[in-house]
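A look at the structure
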Amino acid sequence: MILDLLVHGDPTHAAIAVTGDGPVTTYDQLRGQVDALAAQLSRLGLGQGDRIAMALPNGLEVIASFLAASTVGTAAPLNPGYTRDEFKFYLEDTGARALILPSNGADEARTAAGDDLLIIEADLDSSGQVRFSSPASAGAARPRDFPDANDTALILHTSGTTSRPKRVPLSHANLITSARNVAETYQLTSEDVSLCVMPLFHVHGLVASTLATLGTGGTIVVPPKFNPLSFWPTVREHQVTWYSAVPTIHQVLLSRARGTRPSGSEQLRFIRSCSAALAPQTMVDIEERFGVPILEAYGMTEAAH
């Protein structure tokens, strides 16, 4: 199962560093948090076969919630910026039994959920650990079962070219295989530091930036969202060695470089581009400006990225 990816990390090594005032979480702390959160989901009456949706911004909360939900049942991450009608469609389409939200805000998601779904709030406590709270439960406490490789860990949607978005179920084996492929392709090690600028409700950020890094014992640096003003200071501060993004983000960073190599780019081993075609001239310009190779990848949600 996905949690097997965490066994490679040195217990004292940083697994996740949230930028700003966010916590730094070691592999030992992450494993402990995920185990505690999964046990709590089971006590709330959730188990195998249950779809557990979440609408959380990038941060420790969404990573820990995803790992716990995929262990107990099936995780269904959603864009926290959806409208009420969009939330209603995705919650109904996934057949979610519970929805994990931040304690403040998320009004559109709460309204869409109504009284039909169990609402679970995810917060960081004073020690920087993720905690769940819920005034109700989905039913009687369930025994803690552990999934096998063929169980569905994750449900996402494709935008598709026809009709409405379609569900894509991905098994634990799908995700582990894809994460390992990414890690082997870029020769990731525990010394690598990934900057996750992609949203974690999307397979790009979830598999490439996050699971591939966890599977090699490296560190994931997670800002709440992409910010071109703080990008290179974050790279310098956390000694980032690579990042993966869509062409639009690469183009924004290139346009802001104004003819000079950004301070911090000398730390990078490579830059990865995926999710849309990168213009050949943009690729040339980035390699010249940032001084590192940019490697283009092709992936699909249906193929676990």
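For the structure itself, consult the block above.
Residues numbered from 1 in each chain as written. Predicted model: local features only at pLDDT ≥ 70, side-chain atom pairs only at ≥ 80, totals over all residues. Heavy atoms only, no water.

Turning our eyes to something else, we now look at the environment of Thr 111. Examined against the element boundaries, Thr 111 turns out to sit in helix 4 (residues 107-113). When the C-alpha positions of Thr 111 and Thr 83 are compared, they lie 10.0 Å apart, and in sequence the two are 28 residues distant. (Helix = DSSP H or I, 4+ residues; strand = E, 2+ residues; numbered from the N terminus.)

Before going further, it helps to spend a moment on the side chain of Asn 58. Tracing the backbone through its elements, the reader meets Asn 58 in the loop between strand 3 (51-54) and helix 2 (60-72). In this structure the side chain of Asn 58 is engaged in a polar contact, spanning 3.0 Å, whose partner is the backbone oxygen of Met 198. Polar side-chain contacts of Asn 58 include one of 2.9 Å to the backbone nitrogen of Leu 200. Asn 58 has contacts with Cys 196, Met 198, Pro 199, Leu 200, Val 222, Pro 223 and Pro 224, leaving out every residue within four places of it along the chain. (Polar contact = N/O pair within 3.5 Å; in protein donor to acceptor, adjacent residues only side chain to side chain. Contact = heavy atoms within 4.5 Å.)

Attention shifts here to the nonpolar core. Counting residues in hydrophobic clusters, the biggest one holds 54 residues, and the most contacted among them are Phe 66, Leu 67, Leu 175 and Leu 211. Top contributing element to this core by residue count: helix 2, with nine residues. Excluding anything up to four places from it in sequence, Leu 67 contacts Ile 2, Leu 3, Leu 6, Leu 30, Val 34, Leu 211 and Leu 214. One finds Ala 17, Ile 249, Leu 254 and Leu 278 within the second-largest nonpolar core, a separate group that totals 24 residues. (Core = buried A, V, L, I, M, F, W, Y, C linked by side-chain atoms within 4.5 Å. Buried < 20%, exposed > 50% of the residue type's maximum accessible area, 1.4 Å probe, protein only.)

Just geometry here; none of it tells us what the structure is for.
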